[in-house]
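Spelled out from the first residue to the last, the chains are:
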Amino acid sequence: MSQFDFDLFVIGAGSGGVRAARTAAALGKKVAVAEGRFLGGTCVNIGCVPKKLFSYGSHFHEEFAQAAGFGWSVSHSDFDWPTLRDNKTKEIERLNGVYHNLLVNSGVRLIEGYAHFESAHEVSVNGTTYSAEKILIATGSEPFMPEFPGNEYAVSSDAVFYLDEFPKRALVLGGGYIAVEFAGIFHGLGAESHLVYRGDQPLKGFDEEVRQFASEEMQKKGVQFHLNTNIASVEKQASGLLVTLTDGETLEVDLVLCATGRVPKTEGLELDAAGIKQGKGGKVLVNDEFQTSAPSVFALGDVINRMQLTPVALAEAMVFVNNQFQPDLPAKQMDYTNIPTAVFCHPNIATVGMSEEEAREAFDRIEVYSAGFRPMKHTLSGSDERHLMKLVVDADSRKVVGAHMVGTDAGEVMQGIAVAIKAGATKEIFDSTVGIHPTGAEEFVTMRTVSRN
Ligand code: NDP
């Protein structure tokens, strides 16, 4: 009989926490999860899932416009924000139920409330103390809101999913994933859309050609870019929000969304009570085993701030459970290389492996294969949207070390390419793969001419 109430106590029922809890429970461990807000965390409730639903919604106006070239007449189209918002909310509620059943059916005890540490083996929720052999912090992250006069009139991505009214004019501050995605969503749903970014091109860290190409496509569609500037102040006026930028420009909008990064969520956890150390920006410090400075306490997902992506948190949870609760299996290490990702801006971006710039640093000789083209659909649709496909090759080993795409459903295409890159496929293997015709994706196996070395 264990001296503890639980083998594992998980704080936070987001992607990483739920995965760890139910996988450990499936191994016969006694597991509890404390959650004070909603089941499924940021991804399900105020992140990936509702964002993708909005993103789907925001593509229809283009489809209506493009239908005429294919013989359709779409005489009238109107967008109703409450319908999209509320249908989305119903779907999220359904998913909350799915998460509840997943946990409870796998034998996890769900404790509703916020937990804080009393010691390295004890947490308290709603005044009750629970002991556990191991405790996992999976509390995620929350939006960072920059300081400027009037920032109380700005919203974060937490609020944007529940707006009472859809803005006629929206301004998004930032140049990361959330900023470019919402700039596209606002524009696609009919708002005048402004992107304000302090750098000279959004999506820092992505392949430079991809950044340039995607920025041009977004601007062609009508998103208004304001680069090398920031918000100086926001004033509330009768007719809207008056935004003054640091370069002196002024804009009147109805909504300001700050998409300026996310910070680890540790407030109220009382980490000191367990001797848990934090690093830069408040991230919980862990070793390769996701173990904190308190040996019985572990952490993973956004709260450790390695890669703020749901599938990364899921993979970290699997490594954690394998190493802590399956002593008969070989120990695993989380592999952070070649993690594919997609940005659901318009058109979508997807990427896996190295950018051209990273490959130039890493290898003596590289080959870059890059093709920008008008997709077949747009020969009739009338749209001037262009797509980009790009492969980066280490010329000595012949391995494809990076793949990048800007275009429709880029994430759907890139998932398969990521398997090939993870398996170490060479350019010759890509070349010997028969294409699927006619698709845009076949470009990845038909690019034969080196664009540059
Ligand atoms: P990001 O870290 O991607 O981008 C933050 C942006 O805000 C950067 O452009 C940054 O500028 C800018 N910024 C930071 N501080 C300030 C400031 N004080 N004033 C003005 N601009 C500022 O964060 P996001 O909020 O977009 O997203 C958070 C994370 O969520 C992402 O990193 C990603 O991992 C994840 N996510 C993933 C998605 C996906 O997979 N599709 C979708 C949405 C989010 P600079 O570039 O100069 O640093």
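Procedures and definitions
One numbering rule holds for all chains: residues counted from 1, following each sequence as written. Per-residue local features of the predicted model are confined to residues with pLDDT of at least 70, and side-chain atom pairs are confined, for both listing and counting, to 80 or more; whole-chain, interface and lining totals are unaffected and use all residues. Side-chain metrics in this entry use all non-hydrogen atoms of the structure; hydrogen atoms and water are not considered. Any residue with a heavy atom lying within 4 Å of a molecule or strand is counted as near it. A 3.5 Å cut-off defines polar contacts: any pair of N or O atoms within that distance qualifies, except that in protein one atom must be a possible hydrogen donor and the other a possible acceptor, and neighbouring residues in sequence count only when both atoms are side-chain atoms. Method for areas: the Shrake-Rupley scheme with a 1.4 Å probe, in which residue coverage is limited to the protein chains shown. Put simply, DSSP marks the helices as runs of H or I at least four residues long and the strands as runs of E at least two long, and each gets a number from the N terminus on. Remark: nonpolar core denotes a set of buried residues (Ala, Val, Leu, Ile, Met, Phe, Trp, Tyr, Cys) joined through side-chain atoms within 4.5 Å. Only protein chains enter the calculation, and the probe is 1.4 Å; a residue is then buried if its accessible area is under 20% of its type maximum, exposed if over 50%, and partly exposed in between. Contact between two residues is taken to exist if any of their heavy atoms lie within 4.5 Å; hydrogens are not considered. Throughout this description, the term salt bridge denotes a Lys or Arg side-chain nitrogen within 4 Å of a carboxyl oxygen of Asp or Glu. When the centres of two rings from Phe, Tyr and Trp lie within 6.5 Å, Trp using its six-membered ring, the rings pair. Their planes under 30 degrees apart give stacked, over 60 give edge-to-face, and anything left gives tilted. Each ring is checked for a lysine NZ or an arginine CZ that lies within 6 Å of its centre and within 35 degrees of its normal; such an atom marks a charge sitting over the ring. Should DSSP find at least two bridges between two strands, the strands are regarded as paired. Comment: axis = line fitted to C-alpha atoms, over the contacting stretch for helices; angle = value between 0 and 180 degrees taken between N-to-C directions. UniProt positions are given in the numbering used here, feature names are shortened, and annotations may be inferred rather than shown by experiment. To count toward a patch, a residue needs a relative accessible area over 30% and no salt bridge; like charges are then connected within 9 Å, while nonpolar side chains (Val, Leu, Ile, Met, Phe, Trp, Tyr) are connected within 5 Å. In this count, Lys and Arg are taken as positive residues and Asp and Glu as negative ones, while His and the chain termini are left out. Note that the charge is assigned to NZ on lysines, CZ on arginines, CG on aspartates and CD on glutamates.

With that settled, consider the site of the ligand. Every one of the 21 residues lining the ligand counts as a neighbour, but Gly175, Ile178, Tyr197, Gln308 and Ala342 are closest to it. With respect to the ligand, the side chain of Tyr197 contributes an N or O atom lying 2.6 Å from an oxygen atom. Between an oxygen atom of the ligand and a main-chain N or O atom of Ala259, the distance comes to 3.5 Å. Within the complex, 79% of the 900 Å² of free accessible area of the ligand lies under protein. With 3 residues, helix α7 (residues 177–188) is the largest single contributor of residues to the shell around the ligand.

Residues Phe9, Phe117, Ile137, Ile276 and Phe320 are the most contacted members of the largest nonpolar core, which totals 56 residues. For this core, the element with the highest residue contribution is helix α9 (residues 310–325), accounting for 6 residues. Setting aside its immediate chain neighbours within four residues, Ile137 contacts Ile11, Phe117, Leu269, Leu271, Ile276, Val284, Val297, Phe298, Ala299, Leu300 and Val303. Counting residues in hydrophobic clusters, the runner-up holds 36 residues, among them Phe54, Val180, Cys345 and Val406.

So, about the pattern of salt bridges. For the coordinates displayed, the defined rule picks out 22 salt bridges. With a closest N to O distance of 2.8 Å, Asp207 and Lys390 form a salt bridge. Of this pair, Asp207 sits in the loop between β9 (192–197) and α8 (208–221) while Lys390 sits in strand β20 (residues 387–394), and the two are 183 residues apart along the sequence. Among the residues examined, Lys390 registers a relative accessible area of 0% and is labelled buried. Among the ionic pairs, Glu356 bridges to Lys390, the shortest N-O distance being 2.7 Å.

So, about the packing of aromatic side chains. Throughout the structure, instances matching the rule amount to 14 aromatic pairs. Between Phe6 and Phe9 the ring centres are 6.1 Å apart and the planes differ by 70°, which places this aromatic pair in the edge-to-face class. The pair formed by Phe6 and Phe9 is uniform in burial state, with each residue classed as buried. Taking the centre distance of 5.8 Å and the plane angle of 50° together, the rings of Phe182 and Phe186 count as tilted. A residue pair is termed a helical-turn pair when its members lie 3 or 4 positions apart in one helix, as Phe182 and Phe186 do in helix α7 at 4 residues. Judged by its relative accessible area of 2%, Phe182 is buried. Connected via pairs of aromatic rings, a cluster forms that spans Phe54, Phe79, Trp81, Phe161, Phe166, Phe182 and Phe186. Geometry around Phe6 places Lys30 over its ring, the cationic atom sitting 5.5 Å from the centre. Between the NZ or CZ atom of Lys88 and the centre of the ring of Tyr162, over which it lies, the distance is 3.7 Å.

This next bit is on the sheet that holds strand β11 (residues 231–237). Read from one edge of the open sheet, 3 strands run β11-β12-β13, paired in antiparallel fashion. The strands lining the two open edges of the sheet, one partner per strand, are β11 and β13 (250–253). Averaged over all pairs of adjacent strands, the angle between strand axes in this sheet comes to 20°, irrespective of strand direction.

Within strand β6 (residues 128–137), 7 of the 10 residues are buried, which leaves the element mostly enclosed by the surrounding structure. Pairing between strand β1 (residues 6–11) and β6: 5 bridges, direction parallel. Looking at the pairing, Phe6 lines up with Ala132 of β6. Two elements, strand β5 (residues 122–125) and β6, share 4 bridges in a ladder whose sense is antiparallel. Residue Ser124 lies in a different strand from β6, and its bridge partner there is Thr129. The antiparallel hairpin formed by β5 and β6 contains 2 residues in its connecting segment, where Asn126 sits at a positive phi of about 50°. Bridge count between β6 and strand β16 (residues 297–299): 3 bridges; the pairing is parallel. The residue of β16 that forms the bridge with Leu136 is Phe298.

The sites that UniProt annotates as "domain: Pyridine nucleotide-disulphide oxidoreductase dimerisation" (unreviewed entry) are residues 339–447. Between the C-alpha atoms that bound residues 339–447 there is a distance of 23 Å. The span itself is 32% helix and 28% strand.

A word on the sheet that holds strand β14 (residues 255–258). Reading across from one edge, β10-β9-β8-β14 is the order of the 4 strands in this open sheet, with parallel pairing throughout. In the strand order of this sheet, the two ends are held by β10 (224–227) and β14, each with one partner. Pairs of neighbouring strands in the sheet enclose a mean axial angle of 20°, with direction left out of account. As paired strands, strand β8 (residues 169–173) and β14 are joined by 4 bridges and run parallel to one another. Bridging from a neighbouring strand, Ala170 pairs with Leu255 of β14.

Right, let's talk about a negative patch on the surface for a bit. Taken together, the side chains of Asp5, Glu118, Glu122, Glu270 and Asp272 present a region of like negative charge at the surface. Relative to the assigned elements, Asp5 resides in the segment before β1. When its relative accessible area of 33% is taken as the criterion, Asp5 is described as partly exposed.

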